Structure formats: structure tokens, C-alpha cells
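Structural overview
The residues making up each chain are set out below.
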Amino acid sequence: MNFIFRGNEMLVDARSEGLELPDASVCARMGLGKERLQPLWLDAGCSDHACHVAPDAPPPPGFEFRALRSLLARLDEKAALASRAFQIAEWARTHRYCGVCAAAMVQSATELCFRCPSCGFSAYPRISPAMMVLIRDGDRILLASHSTYATARYTALAGFVEAGESLEDAIHREVWEEVGLKVKDIRYFGSQSWPFPHSLMVAYTAEYAGGELRIQAEEINDARWFGPGDALPELPHTDSIAGRLVRANLPGLPRP
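Now for the nonpolar core. Core analysis: the biggest nonpolar cluster contains 46 residues, and Phe3, Phe5, Met10 and Met132 have the highest contact counts within it. When residues in this core are grouped by element, the largest group, 9 residues, is from helix 3 (residues 79-94). Excluding residues within four positions of it along the chain, Phe3 makes contact with Met10, Leu21, Leu40, His49, Ala50, Cys51, Leu81, Ala82 and Ala85. One finds Met131, Leu142, Ile171 and Ala206 within the second-largest nonpolar core, a separate group that totals 18 residues.

Below, the structure written as C-alpha cells:
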């Protein structure tokens, strides 16, 4: 399969409900030869490739670029591969030259790595760990609408892990900064690779330990407690770890 990206969009067959991807002939018509297509695996027989094209690149006849975020829920078993493809293609696009001495980088034949032949600097695909935490207080859960999201969905709190922090440290810091609460009894729920931008989302539950809601306006539009019988807001889709985390802990359900 060939995953061709333009910014945060992916090329798909405009005539296919099955979201067919471009084959080798379509890639050739776009000027994407073997030297432009990045293999997703180190296997010499790898048939899955990815590439980023210019922001103004037009789609070939019969194809169109669609937002990758909107496609992930419809890609089924291809979703994880599309996520990997996006991150590998972005890594290849942004590491053509050494960030230390600006020499042209050379890709390793034995691992996913670009190395500088001049100074020896190595660059691997970037992975940014991010925590997500759903706070529970008895039969209530805390849901928030985030300022940086384009939708009005309510979800768990989340944030990137900073240098020198553990995931647990990040949970305590982010919860205090975003909503002014203290938490305890942090428990792991699950994880998910997420390509926006190159995240590893690690989800937890935590118990409320004190404090009054104090919203950080730069990060949070609104945050509210929801208990049994309360009308729920729009929630994240179940293709995301956020959607599964919230739905596994809805008010009135047995604790997982």
C-alpha cells in the first residue's frame, strides 16, 4: 500500500467507498519514484510505503486528499498502518539534513535511523509521550472541553510529558494546572499511537483527592462533573483511546 500525505491529508480514491489507496502507477504519474517512497518496514520485500508531497500538490485524476483525522475511524484494520505511515513519512521529510551541522543525512539499512556522515548525529522517528487521565469522584467523572480542539466534545484531561517527568508526575502537574485539583490512586488503562503530531497516548484513571474546579482558560473551555442521570455531552469516538476510556467509566457502570 502507498500512503501519500499532503500536510495532514491523505490521498484516497475519490470513487471508492472502501478508501482505496494509490497504486504504483498512480504514484509514478505524480512523479513519486522509488527514491521518494519511504518503506514502512526494514524488510527488503516491504510493499508498504509512505511519502509527503508539497502543500500545493494537486491530486491525480480520480483521487482526492482528505483529512487523515476524519479517515482513521473508517480505515478499520488500515488505521494503525496509516498512523505509522504518517509518522514515518514526516520523519523522512523533516530529517533530510543534520540538525547539528546541516550535512545531508544518510538512511541506515539496518534500522529506522538517519545518520549524519559528517558529525555522526543519529535521528530516529520521533515519539512524544502524552498522558491522559479520567478523574473519578465516587459515581461522578470529570469531563473537559479543550481549547485547542476544533470540536466541542468533552473528554478526559491530557497533556504531553515534559523533560525529566514520569507519566505520574505529568498527571499531577497537568491536573493541577488545568483544573486545580489533586488526584490519587492513579491506575493504568491503556495506550494508543496517535499521529497528531507523533504521540503515544497513555491513558489512566485517578481518584479525586481534593480541590475546587479552577479552569485554565488557555487550555480548557469548560470542565464539569457528570454523575448518574446527568445528560452527557458529545463524547470522543471509540476509535480513540479517549473514547474508550470515558465509555468504560461512565457514571452508573461497574468500575472496570
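Next comes the rest of the description.
Right, let's get into unusual backbone geometry. In this model, Phe196 is joined to Pro197 through a cis peptide bond whose omega is 0°. Assignment of secondary structure puts Pro197 in the loop between strand 12 (182-194) and strand 13 (199-210). A positive phi is found at Asp185, a non-glycine position, where the angle reads about 50°. Along the polypeptide, Asp185 turns up in strand 12.

So, about the layout of surface pockets. One number sums up the size of the second largest pocket: a volume of about 490 Å³. Put simply, the parts of the chain that give the lining of the second largest pocket at least two residues each are strand 3 (38-39), strand 4 (49-52) and helix 3. At 4 residues, strand 4 tops the list of elements feeding residues into the lining of the second largest pocket. When grouped by side-chain class, the residues that make up the lining of the second largest pocket number 9 nonpolar, 4 polar and 5 charged.

Let's shift gears to helix 3. When the terminal C-alpha atoms of helix 3 are compared, their 23 Å separation across 16 residues agrees well with the 22 Å that a helix rising 1.5 Å per residue should span. Inspection of helix 3 places Ala79, Leu81, Ala82, Ser83, Ala85, Phe86, Gln87, Ile88, Ala89, Trp91 and Ala92 among the buried residues, and these make up the whole buried set.

In the structure shown here, the tally under the stated rule is 13 salt bridges. We note a salt bridge from Arg6 to Glu9, for which the minimum N-O separation is 2.9 Å. For the salt bridge of Arg115 with Glu111, the shortest nitrogen-to-oxygen distance reads 2.3 Å. The exposure class of Arg115 is partly exposed, given its relative accessible area of 33%. Overall, the relative accessible area of 24% leaves Glu111 in the partly exposed class. One continuous salt-bridge network, built from bridges that share partners, spans Glu162, Glu165, Arg173, Glu174 and Glu177.

What counts, and at which threshold
Residues numbered from 1 in each chain as written. Predicted model: local features only at pLDDT ≥ 70, side-chain atom pairs only at ≥ 80, totals over all residues. Heavy atoms only, no water. Core = buried A, V, L, I, M, F, W, Y, C linked by side-chain atoms within 4.5 Å. Buried < 20%, exposed > 50% of the residue type's maximum accessible area, 1.4 Å probe, protein only. Helix = DSSP H or I, 4+ residues; strand = E, 2+ residues; numbered from the N terminus. Contact = heavy atoms within 4.5 Å. 1 Å grid on protein atoms, 1.4 Å probe; cavity = no way out; pocket = protein on both sides within 12 Å on 5 of 7 lines; lining within 4 Å. Points joined across faces, edges and corners; volume = space filled by probe spheres on them. Nonpolar A, V, L, I, M, F, W, Y, C, P; charged D, E, K, R; others polar. Expected span 1.5 Å × (residues − 1). Salt bridge = Lys/Arg side-chain N within 4 Å of Asp/Glu carboxyl O.

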